[in-house]
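Summary of structural features
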Amino acid sequence: TEPMSSECLGNLLRITLSAEYVEDKYLSLSVVDQSGTAWELDEAMAAQCGYTVTYSTWGSIELRASALSCHSHLEKDVFTVTVQIKTSPTPDMSNATTHLKSASCHYGLWSPREFICESNYMEVSLRREVPQTIKDFIEDELEDWTLVFPEAKAEEGSIWQIIFHQPEEKRALLVSNAWSAGYGLKATDSRVLLRVPYTAAQVQLVKVGVLLLAQQAARLCRSNQKSSLQDQGITFSVLRSSAFYQHRWVILVVDTAVACPVDGVDYTNKTITWTVPKYIPPLSAGVTSFKDVLVEAGVDLHKLSAKEMASRKYVLLNEFNAITMKVPIGAEGGYYKTSVSNGQLGAKYTINLFLKHQWEDNKWRLTKHTIIKEIETPFEQAEVATINNLNLSARLMNVTVGTFLPDVELVNLTIEGVTVAVPEAVQHGYLIHRTRYANGSKAYVIQVPLDAPSVKKEYMGEDMRAYTLNVTLTFITHPSSETFVIPVIALSAVKDAVLPSATGLCDGRNLHLIITHGNVDQNWLPFISDWHLTPEAAQKYNYILRDNGTHLAVSVPFLSSHVSYEGFHSSAIKASFHLILKDGITLAQRRDFSVSCMFPPSELIQCLPNGTVIITALKLVGGEDLDTALLVLRDRRCKPSLVTEKTATFKFNVNTCGTSRKFNSTTMTYENEVLYFRPGNDKPIYQLKFLCSYAVKQADAVLYEPQKNPPPSIKPGSGCLALSLKLFKEKSYSEPYQESDYPVVKYLKEALYFEVELLQPKDARLDLNLDDCWATNSQSQDSLPQWHIFIHGCENNRDSYRTVFHKVNYSLRVKFPQHLKRFEVRMFTFVQGTSVLQE
C-alpha cells in the first residue's frame, strides 16, 4: 500500500495518508503556495480556504481540497495542490520527517453557478460575466479607482466588498474585513468565489419544506412566494449575500447566496433515509422556471451506477419535490466506528454519502449542487466477550478480550488498584498481545501466570483450587480520544491443591506438632477448639508457636490446659493435643491434626527425700463435669494447693492426709489416693491411687559443723519480686547493652557477662541466690534443646568451659551487693550429633 495517494473527484482533489504511514506518529499538515511558503492547516484555515481533513476508522487520514482552494494553482482547467506532511514520534514535532505531495486535477467544464456543501464549509462559485454594453464601450482613459473608491484595490478583476442580507439589516464588509471574519473570497479571470464556514456569524438556519404538492410548487415558482407547509421541512444552513467587484471602471454585483442541508436524516427499520428538497428558496430568488438536468449519488465521492446501488440495496428516489436516498445500516460503503456513551461501549455506523444535483432555471441557466454528507447512526451499545483459555502445562491464563473495531487501543491496566501502562504491565507478570483479523477488527490477549501475585487463589475442596484474575482494562478510541473501561474477571479451576500435613512427636515434657504448609493455607489460622492460637496467646500459656514460611511448629507442655488425658495406667498416661486450621475469613474448619503420646506417671508425682509428696491429678476425657477444685485425699480436709481446669496439685507430708505406710526388708512404702465425691454420696466416682517408696538400708553422709550462733529463723512466705537479667559489654560491669544494641553479634568462645539483680524490694535482709540457669534456642524457656549453664547454684561439670562467678562489691551503683549475682559464660552453639543446629 502506498503511504500517500491522490484522486481527482470532480471539483475536489483527495489525498489519502495510509494508516501504516501515520500510525503512532504526530502529524502536521500544511499547504504550500507557489512561492514555496507552507501554510499550516488548522480547523479555521481549512474551513476558510476550502480544505477538509477527516480521520477514517481504519486509521487513514484524508485531505480534500477544492479546485478554488487557497494556495492552489489554477491554470486553464487544471488545478494543482501541494501539501507538506510532517510526522514525528513526539508531540513537539522534533526530529520530524517532511514529505511533499503534489497533485493536479483536470476539472472540465464549469457550470455558471456551482455549490459545494462540505462537512466544514459551504462554497459557491459563479461565472464572471460583463454586460455586452460595457464590453462594447471604449473609454479613452481609465479613471483612477483609488481616487474614486479608496477602499477598492487597484488591480483589475479584484473583489471589492461583500454585503450580507439579514432580515433586519444589511451589512457590508471590505474583503480584508471579511477575511478577518473567517470568510474565504477569491476572484479569477472567469470566476467569483465565496466560501463560508458553518460557524460564521452571518449564517442562518432556515427550514425548507419537502411536502409541497405539485400545484403549490408550480405556483411557488411562478410567484416566488414562501410556502406555508414548512412545519416538516429540512433545516438548511443559509448565507444570503452579494459580492461587488470591479471591471475596469465599472462596479459589478453578483448574488453569492449559498445553502447546505444540515439535517434531513431519519433512522427507521435499520435503514438510513436521507432527504434533500429540490427547490431551495434561498438559491432561487427571481427564478420562475425550474427543470431537473441530472441527479447522481454515491459513496466517498464515487458515483454509483443503478446496478451497483441495487447490489448494495441502496435506493435512490428522484421525486417531484425531493431527492431521497435509502441505505441499509451496515451496508457496503460505510463502516462502523467505536463510540462511548456514559462510559458504555457501543458503535455507530458511518457512511459518507454524496449527492450531485444539476438543474436549469431562467436566471442562472445551469446550476450544479454537490452535497457531501457524513451520516452517523445513533449510539448502539455493544457487549464485549471475554474468553479464558487456560494453558495448564505452562500454568498460564490466556484471556482474550474483544473483538474491537480498528479505532480502539488498549492503553493501561488497573491491577489491584494500581494503574500501569501497557508497556509496564510486563513488570507485573502480564504479557499482552494484539490479534488482528482479516476484516480489520482486533482482540487483545492477556497472559498471566497462575502464580502471579495479583491472581487470587482460593481452595475449593478436595484437590481443587480456584484462580481468579480481576483486572480493569482502559481503552481509548481514535481519533475522538474517548475512553472506556472493561472489567475482566476470569476464573479457572485447577487440580493442584496441596493440603498441609503434620507430624507429631513428644519428649519428656512437651507434645509437638510440626505442620508442613501446602499451597492452600495462606490464610488458614491455627485454633485450639474455638481459641485462636496467636503468638501472644501462646506466650501467655508458655506454648511455643513458630512459622518459618514452610513449617508451622507448635509445642505445648504435658501439663497444660489444652492437653487431653485419655487413659491412666500404672505404667503410662496417654496425653493428646488437637490443633485445628480454620479459614481466616469464613472461620470454616479446613484441617485438624492431633498428636498423642504415652508419658510415664513419674511426671505426676514427686517423692522428696524429706517426706514431702507432690501429686498432680488429671481430669480424664469423659469427665468434663468433674470440678478439680473438689478433689481431696483420703483425709478430705486435704485439698489441692493449685487448681487448673484439668489438673489439681496436692503437696503434703507422708505422715499426714491419711497416708498409710508399709515396710519390708528393703523399702518403706507410703500410699494415698485422690478422690472425688458427688455431694451427698460417700462412694467416690474418681479414684487415683499413688505411692512413694524409700530405701530402708541406705546411709547418707551429712557434713555437720557446729556454729556459735544458731541459724536465723526462716519462715516461708510469698510476695512480688522484681528482677532483671542484663548482658554487659565488659568484665567491669560498667556498661550494659541497650535495647537498640540488639541483636548483639558474638563469636564462639567469646565471653558474655551476665548480671542478675533484685530490684524490689530494697530490703537488706534479703539475699539473692541463683539455683538454675539454662540456654535455649528460642525465646521460650521450655523449648528444646536446652543446655544448663549452672545447676543448683554450681557450674555444669559437663561444660568444656565452666561458668565463672564474679564477686559483687559495694559501689555507687551497687548499694546492696547481696542483691546481685554476676557470672561469665563463653559463647557456644547447639549441636545434634555432629550437626550444628542453625536456628
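Residues numbered from 1 in each chain as written. Predicted model: local features only at pLDDT ≥ 70, side-chain atom pairs only at ≥ 80, totals over all residues. Heavy atoms only, no water.

What follows deals with the side chain of Lys-582. Looking at the secondary structure, you find Lys-582 in strand S47 (residues 573–583). A relative accessible area of 11% places Lys-582 in the buried class. There is a polar contact of 3.2 Å between the side chain of Lys-582 and the side chain of Asp-530. Setting aside its immediate chain neighbours within four residues, Lys-582 contacts Asn-523, Trp-524, Leu-525, Phe-527, Ser-529, Asp-530, Leu-587, Ala-588, Gln-589 and Arg-590. (Helix = DSSP H or I, 4+ residues; strand = E, 2+ residues; numbered from the N terminus. Buried < 20%, exposed > 50% of the residue type's maximum accessible area, 1.4 Å probe, protein only. Polar contact = N/O pair within 3.5 Å; in protein donor to acceptor, adjacent residues only side chain to side chain. Contact = heavy atoms within 4.5 Å.)

Now for the state of the cysteines. Tallied over the full model, the rule gives six disulfides. The disulfide partner of Cys-506 is Cys-597, and the S-S distance across this bridge is 1.7 Å. With the S-S dihedral at roughly 85 degrees, the linkage between Cys-506 and Cys-597 falls on the right-handed side. Residue Cys-506 is found in strand S40 (residues 501–506), and its partner Cys-597 is found in strand S48 (residues 589–599); the two are separated by 91 residues along the sequence. Judged by its relative accessible area of 14%, Cys-597 falls in the buried class. For the protein, the disulfide bridges join cysteines in the arrangement 1-4, 2-3, 5-6, 7-8, 9-12, 10-11, where the cysteines are counted in sequence order. Distance from the sulfur of Cys-794, which forms no disulfide, to the nearest cysteine sulfur (Cys-773) is 13 Å. (Disulfide = S-S within 2.5 Å.)

Among the 18 residues in strand S28 (residues 344–361), 15 count as buried, and that is most of the element. Across nine bridges, the pairing between strand S23 (residues 290–299) and S28 is antiparallel. Note that in S28 the partner of Glu-296 across the bridge is Lys-356. Two strands pair when backbone bridges link them, and strand S27 (residues 335–341) and S28 are joined in this way by seven bridges, in the antiparallel orientation. Opposite Val-340, over in S28, you have Leu-345 as the bridge partner. From the end of S27 to the start of S28, which pair antiparallel, there are two residues, and Asn-342 there has a positive phi angle of about 55 degrees. Where S28 meets strand S29 (residues 365–376), twelve bridges bridge the pair, whose relative direction is antiparallel. (Pairing = 2+ DSSP bridges.)

This part is about the pairing of strand S62 (residues 820–826). Most of S62 sits out of view: five of its seven residues are buried. Inspection of the sheet shows strand S57 (residues 751–760) paired to S62 by seven bridges, in the antiparallel sense. In the sheet register, Glu-757 faces S62, and the bridge partner there is Leu-820. Bridging between strand S61 (residues 804–806) and S62 involves three bridges; their strand directions are antiparallel. When the sheet's bridge partners are listed, Phe-805 is paired in S62 with Phe-823.

The tally for this structure, following the rule as stated, stands at 26 aromatic pairs. The ring of Phe-527 is capped by Lys-582, whose NZ or CZ atom sits 4.7 Å from the centre of that ring. The ring of Phe-677 carries Arg-636 above its face, with NZ or CZ at 3.5 Å from the centroid. (Phe/Tyr/Trp six-rings, centres within 6.5 Å; stacked < 30°, edge-to-face > 60°. Lys NZ or Arg CZ within 6 Å of the ring centre and 35° of its normal.)

Once that is clear, we can look at the sheet that holds strand S17 (residues 234–239). Spatial strand order, S16-S17-S20: three strands in an open sheet with antiparallel pairing. Looking at strand neighbours, the two that pair on one side only are strand S16 (204–208) and strand S20 (258–261), the edges of this open sheet. When the angles between neighbouring strand axes are averaged without regard to direction, this sheet yields 35 degrees. (Axes fitted to C-alpha atoms, helices over the stretch in contact; angles between N-to-C directions.)

Moving on, we come to the side chain of Ser-724. Relative to the elements of secondary structure, Ser-724 occurs in strand S56 (residues 722–728). We classify Ser-724 as buried; its relative accessible area is 14%. Discounting chain neighbours no more than four positions away, the residues touching Ser-724 are Glu-755, Val-756, Glu-757 and Leu-759.

So, on to the domain arrangement of the protein. Note: interface size is frequently given as the accessible area lost on complex formation between the parts. Looking at the protein, the domain boundaries give domain 1 (4–108), domain 2 (124–130 + 157–209 + 233–376), domain 3 (383–494), domain 4 (501–599), domain 5 (602–695) and domain 6 (722–836). When each unit is reduced to the centre of its C-alpha atoms, the spacing between domain 4 and domain 6 is 32 Å. Tallying the contact residues gives seven residues for domain 4 and six residues for domain 6. When the two sides are added together, the surface that domain 4 and domain 6 hide from each other amounts to roughly 540 Å², 45% of it contributed by carbon and sulfur. Area buried by domain 4 at its contact with domain 6 is led by Asn-542, Ile-544 and Arg-546, which between them contribute 56% of it. At the boundary of domain 4 and domain 6, one finds zero salt bridges. Across the domain 4-domain 6 interface, the total number found is zero residue pairs in polar contact (both at pLDDT 80 or more). Where the side of domain 4 that touches domain 6 is concerned, the elements lending two or more residues are strand S41 (510–516) and strand S44 (544–547). Class assignment for the residues of the side of domain 4 that touches domain 6 results in one nonpolar, three polar and three charged. (Domains from an automatic or database assignment. Buried area = accessible area lost by both parts, 1.4 Å probe. Salt bridge = Lys/Arg side-chain N within 4 Å of Asp/Glu carboxyl O. Nonpolar A, V, L, I, M, F, W, Y, C, P; charged D, E, K, R; others polar.)

The next thing to look at is the environment of Thr-644. Mapped onto the fold, Thr-644 is located in the loop between strand S51 (642–643) and strand S52 (647–653). Note: C-alpha distance between Thr-644 and Ala-629 (15 residues apart in sequence) is 8.1 Å.

Turning next to the nonpolar core. Ranked by internal contacts, the top residues of the largest apolar core, which has 52 residues, are Tyr-183, Leu-194, Val-196, Tyr-314, Val-327, Ile-351 and Leu-353. Contacts of Tyr-314, omitting those with residues within four sequence positions, involve Val-299, Leu-304, Met-309, Met-325, Lys-326, Val-327, Pro-328, Ala-331, Glu-332, Gly-333 and Ile-351. Membership of the second largest hydrophobic core comes to 29 residues, among which are Leu-345, Tyr-444, Phe-484 and Val-488. (Core = buried A, V, L, I, M, F, W, Y, C linked by side-chain atoms within 4.5 Å.)

As a further point, take the confidence of the model for the protein. In the predicted model, the protein carries a mean pLDDT of 86, and 90% of its residues have values of at least 70. Looking across the protein, the model is least confident in helix H6 (residues 214–223), with a mean pLDDT of 43, and most confident in S20, with 96. For the stretch residues 212–231, pLDDT sits under 50, and the model shows 28 contacts to residues farther than four places along the chain or on other chains. (pLDDT = per-residue confidence, 0-100.)

Quick look at the sheet that holds strand S59 (residues 786–791) now. One open sheet holds the three strands; their spatial order is S58-S59-S60, and the pairing between them is antiparallel. Since the sheet does not close on itself, it has two edges, and those belong to strand S58 (772–776) and strand S60 (794–795), each with one partner. In the sheet, S58 pairs with S59 via five bridges, with the strands oriented antiparallel. Counted as the bridge partner of Trp-774 is His-788 from S59.

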